[in-house]
Amino acid sequence: QLPPLTHILDEWQALRHEWTRFLEHFPANAHGRLVFRHPVAGRLTILQTLKFMADHLERHKEQMKRLLG
């Protein structure tokens, strides 16, 4: 059974807040460093990681729309 939607939304907002804080303090001189290891794509920079995450979330959003009708 899924948790209530309000709980999911609260967790999502908390996670977004954590990511915002993390990115605000991410050192500018590290933007070109490979900081994330993707099992297929290999290592990615922070900007490549954010793009990947945005695309990945969009894919899941479309899947949820399709499943919910």
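Placed above this text is the structure.
The structure presented is a predicted model; accordingly, all values stated were derived computationally and were not measured.

Student: Any chance you could explain the side chain of Thr45 here in plain terms?
Tutor: Positionally, Thr45 belongs in the loop between strand S2 (42–44) and helix H2 (46–68). Excluding its chain neighbours within four sequence positions, the residues that come into contact with Thr45 are His31, Gly32, Arg33, Leu34 and Val35.

Student: Quick question: what am I supposed to make of the pattern of salt bridges here?
Tutor: For side chains bearing opposite charge, pairing can occur when the charged atoms are close. Counted according to the given criterion, the structure contains 3 salt bridges. Among the salt bridges present, the one from Asp55 reaches Lys51, with a minimum N-O distance of 3.0 Å. Separated by 4 residues within a single helix, Asp55 and Lys51 lie in helix H2, roughly one turn from each other. By relative accessible area, Lys51 is classed as exposed at 51%. In this structure, Lys65 and Glu62 form a salt bridge, with 3.6 Å as the shortest nitrogen-oxygen distance. Of this pair, Lys65 and Glu62 both sit in helix H2, 3 residues apart, which is roughly one turn of that helix.

What counts and what doesn't
- Residues numbered from 1 in each chain as written.
- Predicted model: local features only at pLDDT ≥ 70, side-chain atom pairs only at ≥ 80, totals over all residues.
- Heavy atoms only, no water.
- Helix = DSSP H or I, 4+ residues; strand = E, 2+ residues; numbered from the N terminus.
- Contact = heavy atoms within 4.5 Å.
- Salt bridge = Lys/Arg side-chain N within 4 Å of Asp/Glu carboxyl O.
- Buried < 20%, exposed > 50% of the residue type's maximum accessible area, 1.4 Å probe, protein only.

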